[in-house]
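Spelled out, the chains give:
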Amino acid sequence: MTDDEKTEQLAINTIRTLSMDAVQQANSGHPGTPMSMAPVVYCLWQHFLRFDPDDPIWPNRDRFVLSAGHASMLLYAMLHLTGVRAVEPDYEIVGKPSVSLDDIKSFRQLGSRCAGHPEYRWTSGVETTTGPLGQGVATSVGMAIASKWLAARYNRPGFELFTNDTYALCGDGCMMEGISSEAASLAGHLELDNLCWIYDNNRITIEGSTRIAFRDDVAARFLSYGWNVTRVGDANDLDMLTRAFTVFKNTADRPTLIIVDSHIGYGAPTKEGTAAAHGELLGEAEIKATKRIYGWPEDAKFLVPEGVREHFRDGIGKREVVKFSV
Ligand SMILES: Cc1ncc(C[n+]2csc(CCOP(=O)(O)OP(=O)(O)O)c2C)c(N)n1
Ligand SMILES: [Mg+2]
């Protein structure tokens, strides 16, 4: 492994371990999906998302929607590690972090910025409230339409004010909900090439295998809606993830669905791939064993190793973004 690859893994494992520790401390929550989707969100935020942590409300930012709202620690960990700033309700920027380490330590407690599910206008950097499955992906279609409308109305040659993309991360539950079908159908019809959904194809939901209740061929379904469909066979494969996001960026006239195969609770020796990793605590012993597998100090809690925040600052924090004032 090169030094860069080591730092990437360190950053990804920080997202995972913060999520595991927060759920354990809260005595409730959903650790499994943040653990498996950490590389996906890492790759997207660090290498593609045009989003300035210092100014999380500039109008032409890319939107990230966590439609699988139960995996909220994934988003809180990203907001913390990338140093997103808090914004006041009147939309004046203030200097405080949106999510501090203390907020993460008080995950799911009354008044915490890290509520069980992401809340819009409660935690800066959260683009829309999610939790009811299907809702986030549906909202993302509206966001993509809004961006197209603004571009059609205001962009002029050489003055492209609105060029942003919208990404949404969803799971099996979102795909089961009827609202995702309606919204995806409309997105295909409108040829929203500024819209990318990432489907966490882990074949597990709250009650067990998806075999119990769901047998859609999701790829075929989305092809019939007129979407571009691509696959990543392993959620840990950063090269294939990069390729998939690049395919999205290079695709015109249709939205893109990236189907990512993953193992919920990745790394947990007895719970990986099981419904237990969806919404139950891992437990102290399993957490220690998982940390050992990650090469992490097994007794450390809420650890952000040196270099991780700097790594994000040098990636997403430095990306050139074209801004304008309103
Ligand atoms: C409309 C709706 N119905 C039920 C729930 C309760 N619920 C939360 S997560 C979940 C299972 C989701 O499974 P999946 O999307 O596959 O997520 P994963 O377990 O893979 O993280 C359910 C049924 C909900 N949040 N919204
Ligand atoms: Mg699932």
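Quantities reported herein were computed from a predicted structural model and do not represent experimental measurements.

Notes on the pairing of strand β4 (residues 166–170)
Part 1: Burial of β4 is extensive: five of the five residues sit out of reach of the surface.
Part 2: The alternating pattern of β4 places Thr166, Ala168 and Cys170 on one face and Tyr167 and Leu169 on the opposite face, and all of these are buried.
Part 3: With four bridges connecting them, strand β1 (residues 63–66) and β4 associate as parallel partners. Bridge pairing links Val65 to Ala168 in β4.
Part 4: When β4 meets strand β5 (residues 195–201), the two strands line up parallel, connected through five bridges. Bridging across to β5, Leu169 finds its partner in Ile198.

Considerations on the coordination of the magnesium ion (ligand 2)
Around a metal, the idealised angle for a tetrahedral arrangement of four donor atoms is 109.5 degrees; for an octahedral arrangement of six donor atoms it is 90 or 180 degrees.
Part 1: At 2.1 to 2.2 Å from the magnesium ion (ligand 2) lie its protein donor atoms, namely Asp172 (OD), Asn202 (OD1) and Ile204 (O).
Part 2: Counting gaps between the donor residues of the magnesium ion (ligand 2) yields the pattern D-x29-N-x1-I. Here the residue Asp172 occupies a position in helix α6 (residues 172–176), and Ile204 occupies one in strand β6 (residues 204–205), the gap between them amounting to 32 residues. Accessibility assignment for this pair places Asp172 and Ile204 in one class, buried.

What to know about the sheet that holds β1
Part 1: Taken together, five strands build an open sheet; the order of strands is β1-β4-β5-β9-β8 and the sheet is parallel. Each edge of the open sheet is held by one strand with a lone partner, namely β1 and β8 (228–232). Taking the axes of each pair of neighbouring strands and ignoring which way they run, one obtains an average angle of 20° across the sheet.
Part 2: Of the pairings in the sheet, the one linking β8 to strand β9 (residues 256–261) comprises five bridges and is parallel in character. Looking at the pairing, Val229 lines up with Leu257 of β9.

Details of the site of ligand 1
Part 1: Around ligand 1, the surrounding shell holds 15 residues, and the nearest of these are Thr33, His70, Gly173, Asn202 and His278.
Part 2: Interatomic distance of 2.4 Å between a side-chain N/O atom of Thr33 and an oxygen atom of ligand 1.
Part 3: Between ligand 1 and Leu133 there is a distance of 3.0 Å, counted from a nitrogen atom to a backbone nitrogen or oxygen.
Part 4: Burial of ligand 1 by the surrounding chains reaches 76%, relative to a free accessible area of 590 Å².

A short note on the layout of surface pockets
Part 1: Here the largest pocket is characterised by a volume of approximately 390 Å³.
Part 2: Elements that contribute at least two residues to the lining of the largest pocket include exactly β2 (85–87) and β3 (93–97).
Part 3: For the lining of the largest pocket, the element with the most residues is β3, which contributes three residues.
Part 4: Here the lining of the largest pocket is built from residues that sort into eleven nonpolar, four polar and seven charged.

Quick word on the confidence of the model for the chain
Low pLDDT means the predicted atomic positions in that stretch should not be read closely.
Part 1: Per-residue confidence for the chain gives a mean pLDDT of 96; residues scoring 70 or more make up 98%.
Part 2: β5 holds the highest mean pLDDT among the elements of the chain, 99, whereas β3 holds the lowest, 86.

Thoughts on the side chain of Thr230
Part 1: Counting through the fold element by element, Thr230 comes out in strand β8.
Part 2: Take Thr230: its relative accessible area is 9%, and that puts it in the buried class.
Part 3: Residue contacts for Thr230: discarding those within four places in its chain leaves Arg243, Ala244, Thr256, Leu257, Ile258 and Ile259.

Quick look at a negative patch on the surface
Part 1: A contiguous patch of negative charge, built from Asp3, Asp4, Glu5 and Asp239, is present on the exposed surface.
Part 2: The element contributing the most residues to the negative patch is helix α1 (residues 3–26), with three residues.
Part 3: Locating Glu5 in the fold gives a position in helix α1.
Part 4: The class for Glu5 is partly exposed, based on a relative accessible area of 38%.

Here's the deal with the pattern of salt bridges
Part 1: According to the stated counting rule, one finds twelve salt bridges in the structure shown.
Part 2: Here Arg221 ties to Asp216 by a salt bridge, and the two come within 2.8 Å at their closest N and O atoms.
Part 3: Note on Asp216: relative accessible area 39%, which makes it partly exposed.
Part 4: Connected through shared salt-bridge partners, Arg50, Asp62, Asp165 and Lys249 make up one network.

Calculation notes
- Residues numbered from 1 in each chain as written.
- Chains lettered and ligands numbered in written order.
- Predicted model: local features only at pLDDT ≥ 70, side-chain atom pairs only at ≥ 80, totals over all residues.
- Heavy atoms only, no water.
- Buried < 20%, exposed > 50% of the residue type's maximum accessible area, 1.4 Å probe, protein only.
- Helix = DSSP H or I, 4+ residues; strand = E, 2+ residues; numbered from the N terminus.
- Pairing = 2+ DSSP bridges.
- Donors = N, O, S within 2.8 Å, 3.2 Å for Na, K, Ca; no water.
- Axes fitted to C-alpha atoms, helices over the stretch in contact; angles between N-to-C directions.
- Near = heavy atom within 4 Å.
- Polar contact = N/O pair within 3.5 Å; in protein donor to acceptor, adjacent residues only side chain to side chain.
- Areas by Shrake-Rupley, 256 points an atom, 1.4 Å probe, with all protein chains shown as cover.
- 1 Å grid on protein atoms, 1.4 Å probe; cavity = no way out; pocket = protein on both sides within 12 Å on 5 of 7 lines; lining within 4 Å.
- Points joined across faces, edges and corners; volume = space filled by probe spheres on them.
- Nonpolar A, V, L, I, M, F, W, Y, C, P; charged D, E, K, R; others polar.
- pLDDT = per-residue confidence, 0-100.
- Contact = heavy atoms within 4.5 Å.
- Patch = residues over 30% accessible without salt bridge, like charges linked within 9 Å, V, L, I, M, F, W, Y side chains within 5 Å.
- Salt bridge = Lys/Arg side-chain N within 4 Å of Asp/Glu carboxyl O.
- Lys, Arg positive; Asp, Glu negative; His and termini not counted.
- Charge placed at Lys NZ, Arg CZ, Asp CG, Glu CD.

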